[in-house]
Amino acid sequence: MAEQKTSSAKAATRHPAQDAYKITALVLQGGGALGAYQAGVYQALDEAGLQPNWIAGISIGALNAAIIAGNPPEQRVEKLTEFWKTICKSALWPNRPSIPLLENFTFPQAFRDGANALSAWRALTEGQAGFFQPRMPPPLLQWHGSPATASWYDTTPLRETLERLADFDRINHPSCVRVSVGAVNVRTANFAYFDNRHGPLRPEHFMASGALPPGFPAVEIDGEYYWDGGMVSNTPLYKVLTERPHRDSLIFQVDLWSACGALPHDMSTVAERAKDIQYSSRTRLITEYMHQSREQQQLLHELMALVPEAKRTDPAFRRAEQRANGALTNLIHLIYRDKPYEGHYKDYEFSAATMHEHWQSGLTDMRHTLTQPTWLDPPTTENPFVTHDVHRDWLPCT
């Protein structure tokens, strides 16, 4: 991970494009081992001097958010590197040593298929260091279980990793970037966002956001138990877009599952495609809905400017004022693209080699996105909500 460490050693100065926006948000979807892609995206933003002042995440996106927000800007890429190196180690056996001559060698796809499947099997049977370990005794042998032990794995190692790599005093300091992480209440099925603007965040808030059953246990917070927010919505984009008061925003949305994909032809690809559909959360559907909504809100905002001053105390004007929105939104969307050798286990295939590839993909995609000459420019009042997606032409559907 030498490039990850050295390229951000001297972070760029603040990017001038941020001066046009009140909010620069980084929105991180859930996706397990695929989350290294988000770390690469963040590294490219860091290189360009684009530091978010709001990070919203779900599941692995919440864990990445904890590492980013829990460290000063000049240390964030380094700590992300350490986090991913930690959780991509076997819980029982040392990783194989790096062999420089093989680093750039292209192995046959059948070999990669087998190696990745073995790595995923090891994660299931051994766990991942600093992340999760098989529960002992197994849940089927427990005489007196509880919501906190009803799972195949114990995530105690994750708490230790978060406490070591993220400073929660920094996360909860008033000057820190805003952090929002989503989880679902197990008892009520209500979705909840934990936000450092509304109360202090602790390791369990981030762990709850990634507590996907039946693998991981529910996490208790203030007397209630929570599971992974991806069970209800795998992206916190809607949270950021509907925040009030409305303010001009530059949003980087990083998805790990593609809503579009090829038709499956066997049971393995059926399982993979089903996960894509389940967890993609139809980001583009949300985006299209919000685009139409913002156009209507902008029109209402412009019409209200035509109302005479004497009429603006009318209750109808006050109600309309609450619904109007003159803010401008620039949404830049990135989606991780599957590799040919990945299968339905891609979200729990934690090999170091695959993690490097995910990270590099995110780094490359974000660097390429930032070369687009006008994509960071603020929208106009005629078109107040714009989206940019460097992946759109590469996907088999729209």
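As recorded in an unreviewed UniProt entry, the protein chain goes by the name Patatin-like phospholipase family protein, listed as coming from Dyella flava.

Enquirer: Before we go on, may I ask you to explain the pattern of salt bridges in this structure?
Expert: Side chains bearing opposite charge may pair, as long as their charged atoms lie close to each other. Using the criterion set out here, one finds 20 salt bridges in the structure. Among the ionic pairs, E82 bridges to K79, the shortest N-O distance being 4.0 Å. You can see E82 and its partner K79 sitting in helix 4 (residues 76-87), three residues apart, about one turn around the helix. Residue E82 is classed as partly exposed on the basis of its relative accessible area of 28%. By relative accessible area, which is 19% here, K79 ends up buried. Between D222 and R202 there is a salt bridge; the shortest N-O distance is 3.8 Å.

Enquirer: Any chance you could explain the layout of surface pockets here in plain terms?
Expert: Where empty space is left becomes clear once a probe the size of a water molecule has been rolled over the atoms. Considered as a void within the structure, the second largest pocket measures approximately 640 Å³ in volume. If you go around the second largest pocket, you meet 34 residues; those closest to its centre are L212, G215, F216, D347 and Y348. Every element with two or more residues in the lining of the second largest pocket is listed here: helix 3 (60-69), helix 5 (109-126), helix 8 (203-209) and helix 10 (267-280). Within the lining of the second largest pocket, the residues separate by chemical class into 22 nonpolar, nine polar and three charged.

Enquirer: Looking at this structure, I do not really get the UniProt feature "short sequence motif: GXGXXG" (unreviewed entry) in the protein chain. What am I missing?
Expert: In this structure's numbering, the residues bearing the UniProt feature "short sequence motif: GXGXXG" (unreviewed entry) are residues 30-35. In the segment residues 30-35, helix accounts for 0% and strand for 0%; the C-alpha atoms at its two ends are 7 Å apart.

Enquirer: Please explain a nonpolar patch on the surface as it appears in this structure.
Expert: Side chains of L140, L141 and W152 sit close together on the surface and give an oily, nonpolar patch of about 370 Å² of accessible area. Among the secondary structure elements, L140 is positioned in the loop between strand 3 (133-134) and strand 4 (153-154). Judged by its relative accessible area of 71%, L140 falls in the exposed class.

Enquirer: Please clarify how the pairing of strand 11 (residues 385-389) should be interpreted in this entry.
Expert: Remark: a regular strand shows side chains that alternate across the two faces of the sheet. Most of strand 11 sits out of view: four of its five residues are buried. Note that strand 10 (residues 329-335) and strand 11 share five bridges and pair parallel. Its bridge partner being in strand 11, I332 is matched across the sheet by H388.

Enquirer: What is the right way to look at the packing of aromatic side chains in this model?
Expert: Here the distance between the centres and the angle between the planes together describe a pair of aromatic rings. Evaluated as defined, the whole model comprises 13 aromatic pairs. Both rings, one in F191 and one in Y193, keep their centres 4.9 Å apart while their planes meet at 70 degrees; by these two values the pair is edge-to-face. Taking relative accessible area as the criterion, F191 reaches 26% and is therefore assigned partly exposed. Here the aromatic residues F131, F132, Y153, F216 and F350 are joined through ring pairs into a cluster of three or more. Positioned above the aromatic ring of W54 is the side chain of R178, whose terminal nitrogen or guanidinium carbon lies 4.1 Å from the ring centre.

Enquirer: Looking at this structure, how should I read the nonpolar core?
Expert: Grouped burial of nonpolar side chains is what soluble globular proteins tend to show. L26, W84, L162, F206 and F252 are the most contacted members of the largest nonpolar core, which has 69 residues in total. Leave out the neighbours within four places in its chain, and F206 touches A62, L63, A66, L162, F168, I171, V179, V181 and L201.

Enquirer: What should I look at first to understand helix 10 in this one?
Expert: Helical geometry note: an α-helix holds 3.6 residues per turn, so side chains three or four residues apart project in the same direction. Over its 14 residues, helix 10 extends 20 Å from the first C-alpha to the last, a length consistent with the 20 Å expected when each residue adds 1.5 Å. Those residues of helix 10 that fall on the buried side of the exposure criterion are E272, R273, K275, D276, Y279 and S280. Seen end-on, helix 10 carries its buried residues on one side only, within an arc spanning 155 degrees. Away from its buried face, by an angle of more than 90 degrees, helix 10 presents the exposed residues M267, I277 and Q278. Where helix 10 is buried, its residues contact strand 9 (249-255) and helix 11 (283-304). One side-chain oxygen at the N-terminal end of helix 10 lies 3.2 Å from the backbone nitrogen of S268; it belongs to D266. Two residues or fewer past helix 10, S281 is found with a positive phi of approximately 60 degrees.

About the thresholds
- Residues numbered from 1 in each chain as written.
- Predicted model: local features only at pLDDT ≥ 70, side-chain atom pairs only at ≥ 80, totals over all residues.
- Heavy atoms only, no water.
- Salt bridge = Lys/Arg side-chain N within 4 Å of Asp/Glu carboxyl O.
- Helix = DSSP H or I, 4+ residues; strand = E, 2+ residues; numbered from the N terminus.
- Buried < 20%, exposed > 50% of the residue type's maximum accessible area, 1.4 Å probe, protein only.
- 1 Å grid on protein atoms, 1.4 Å probe; cavity = no way out; pocket = protein on both sides within 12 Å on 5 of 7 lines; lining within 4 Å.
- Points joined across faces, edges and corners; volume = space filled by probe spheres on them.
- Nonpolar A, V, L, I, M, F, W, Y, C, P; charged D, E, K, R; others polar.
- UniProt positions renumbered as here; feature names shortened; annotations may be inferred.
- Patch = residues over 30% accessible without salt bridge, like charges linked within 9 Å, V, L, I, M, F, W, Y side chains within 5 Å.
- Areas by Shrake-Rupley, 256 points an atom, 1.4 Å probe, with all protein chains shown as cover.
- Pairing = 2+ DSSP bridges.
- Phe/Tyr/Trp six-rings, centres within 6.5 Å; stacked < 30°, edge-to-face > 60°.
- Lys NZ or Arg CZ within 6 Å of the ring centre and 35° of its normal.
- Core = buried A, V, L, I, M, F, W, Y, C linked by side-chain atoms within 4.5 Å.
- Contact = heavy atoms within 4.5 Å.
- Expected span 1.5 Å × (residues − 1).
- Arc of directions from axis to C-beta.
- Polar contact = N/O pair within 3.5 Å; in protein donor to acceptor, adjacent residues only side chain to side chain.

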